[in-house]
Amino acid sequence: TVLGQRVSLAAARVIGSRLMASFGTGDIAGLRLFPAPAALAAVPVDELRDAVGTPASRARTVHEVASLFADLGSTPDREQLLALHGVGPWTVDLLEIRTGDDRDAFPVGDMVLQRSMAAAGIVEVASASAAWRPWRSYAAVRLWAMDPGPRRGARGRSPGRSVPAQAEDPRP
C-alpha cells in the first residue's frame with residue numbers, strides 16, 4: 001500500500017518488483033518471498049531508496065512501517081499507523097481491506113473508486129458509501145473490479161495518476 005501511493009498501478013508494480021528483487025528471500029518454484037518486516041527495518045533508508053528507486057520520503061515511510069510491524073510482531077492498529085510519516089487514511093484503509101481487519105474500511109479519496117462511482121452516476125462518494133455500512137470494504141473491492149479505466153487524452157495516455165487522490169501526509 002505504501003509503494004502504491006500517488007503512482008499508477010503500473011509504477012507501483014515496478015517499485016514492488018524492485019523491492020522483491022533487492023530484498024525478497026528464498027525461491028519457491030521460481031517465486032521470491034516478500035521480505036519480513038524485520039529484514040526491511042534493518043535496511044538503511046538510503047539503501048532502500050536507491051535499491052527500489054523511490055523518493056527518500058517513501059523509503060522512509062516503508063522503513064517506518066516495517067519497523068512498526070517488526071516491533072509489534074502483529075498488525076498495528078489504525079492510530080499507530082496514522083502516526084507514521086507518509087501514512088494517511090487511504091493507506092490504512094487499503095491495508096485494512098487487504099488484511100481483512102475492517103470490513104467497513106473504504107478509502108473515499110481513492111481515484112479508482114471515485115471513477116467507478118462516477119461511471120455509475122454517483123458523485124458524492126462519502127455519502128453514497130455510507131449506505132453500504134458495515135460492508136464498505138466489499139463494495140470497494142467490487143468497485144475496483146468495475147473500474148472503467150482512466151479517460152484517455154489526445155495521445156491515448158491517461159491524464160493523471162492513480163490513487164490516492166490527495167497526498168497522504170503533508171509533513172516533510
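Placed above this text is the structure.
All figures in this text were calculated on a predicted structure; none of them were measured in a lab.

Conventions we followed
- Residues numbered from 1 in each chain as written.
- Predicted model: local features only at pLDDT ≥ 70, side-chain atom pairs only at ≥ 80, totals over all residues.
- Heavy atoms only, no water.
- Helix = DSSP H or I, 4+ residues; strand = E, 2+ residues; numbered from the N terminus.
- Buried < 20%, exposed > 50% of the residue type's maximum accessible area, 1.4 Å probe, protein only.
- Contact = heavy atoms within 4.5 Å.
- Areas by Shrake-Rupley, 256 points an atom, 1.4 Å probe, with all protein chains shown as cover.
- Salt bridge = Lys/Arg side-chain N within 4 Å of Asp/Glu carboxyl O.
- Pairing = 2+ DSSP bridges.
- Core = buried A, V, L, I, M, F, W, Y, C linked by side-chain atoms within 4.5 Å.
- Arc of directions from axis to C-beta.
- Polar contact = N/O pair within 3.5 Å; in protein donor to acceptor, adjacent residues only side chain to side chain.

In this structure, what is going on with the overall build of the protein? I would like to understand it.
Helix and strand content of the protein: 9 helices and 2 strands. Counting over 172 residues, the protein shows a buried share of 37%. Excluding contacts between residues fewer than 6 apart, the proportion of contacts in the protein whose partners are at least 24 apart in sequence is 57%. Only carbon and sulfur atoms are counted for the fraction: they give 57% of the accessible area of the protein, which is about 9,800 Å².

Looking at this model, I keep getting lost on the pattern of salt bridges. Mind explaining?
Pairs can form between side chains of opposite charge once their charged atoms are near each other. Applying the stated criterion across every chain, the model contains 8 salt bridges. Here Asp104 ties to Arg136 by a salt bridge, and the two come within 3.1 Å at their closest N and O atoms. Here Asp104 is found in the loop between α6 (89–99) and α7 (111–119), whereas its partner Arg136 is found in helix α9 (residues 136–145), with 32 residues between them in sequence. We note that Asp104, like Arg136, is buried. Connected via shared salt-bridge partners are Asp46, Arg49 and Asp50.

Where do I start with the pairing of strand β1 (residues 25–28) in this structure?
The side chains of a regular strand alternate between the sheet's two faces. Judged from the 2 bridges that link them, β1 and strand β2 (residues 31–33) form a sheet pairing that is antiparallel. Bridged to Thr25 within β2 is Leu33. Adjacent in sequence and paired antiparallel, β1 and β2 are bridged by 2 residues, among which Ala29 carries a positive phi angle near 55°.

In this structure, what is going on with the nonpolar core? I would like to understand it.
Soluble, globular proteins show a tendency: their nonpolar side chains are buried together. Counting 20 residues, the largest nonpolar core has Leu19, Phe23, Leu40, Leu48 and Leu81 as its most contacted members. Ranked by residue count, the leading element in this core is helix α4 (residues 56–72), at 6 residues. Judged by nonpolar contacts, the second largest core, of 8 residues, contains Ala105, Leu113, Ala140 and Leu143.

Just to check I follow, could you spell out unusual backbone geometry for this structure?
In most cases, non-glycine residues show a negative phi, while peptide bonds are predominantly trans. The step from Arg133 to Pro134 runs through a cis peptide bond, and the omega angle for that step is 0°. With respect to the helices, strands and loops of the structure, Pro134 is situated in the loop between α8 (125–130) and α9. Unusually for a residue other than glycine, Ala29 sits at a positive phi of about 55°. Looking at where Ala29 falls in the secondary structure, it is placed in the loop between β1 and β2.

Where do I start with α7 in this structure?
Structural remark: α-helix, 3.6 residues per turn; residues separated by three or four positions point the same way. Within α7, the full set of buried residues consists of Val112, Leu113, Ser116 and Met117. Relative to the axis of α7, the buried residues are bounded by an arc of 130° and lie together on one face. The residue sitting at the N-terminus of α7 and contributing the capping side-chain oxygen is Asp110; that oxygen lies 3.0 Å from the backbone nitrogen of Val112. Positive phi shows up at Gly121, right after α7, with a value of about 85°.

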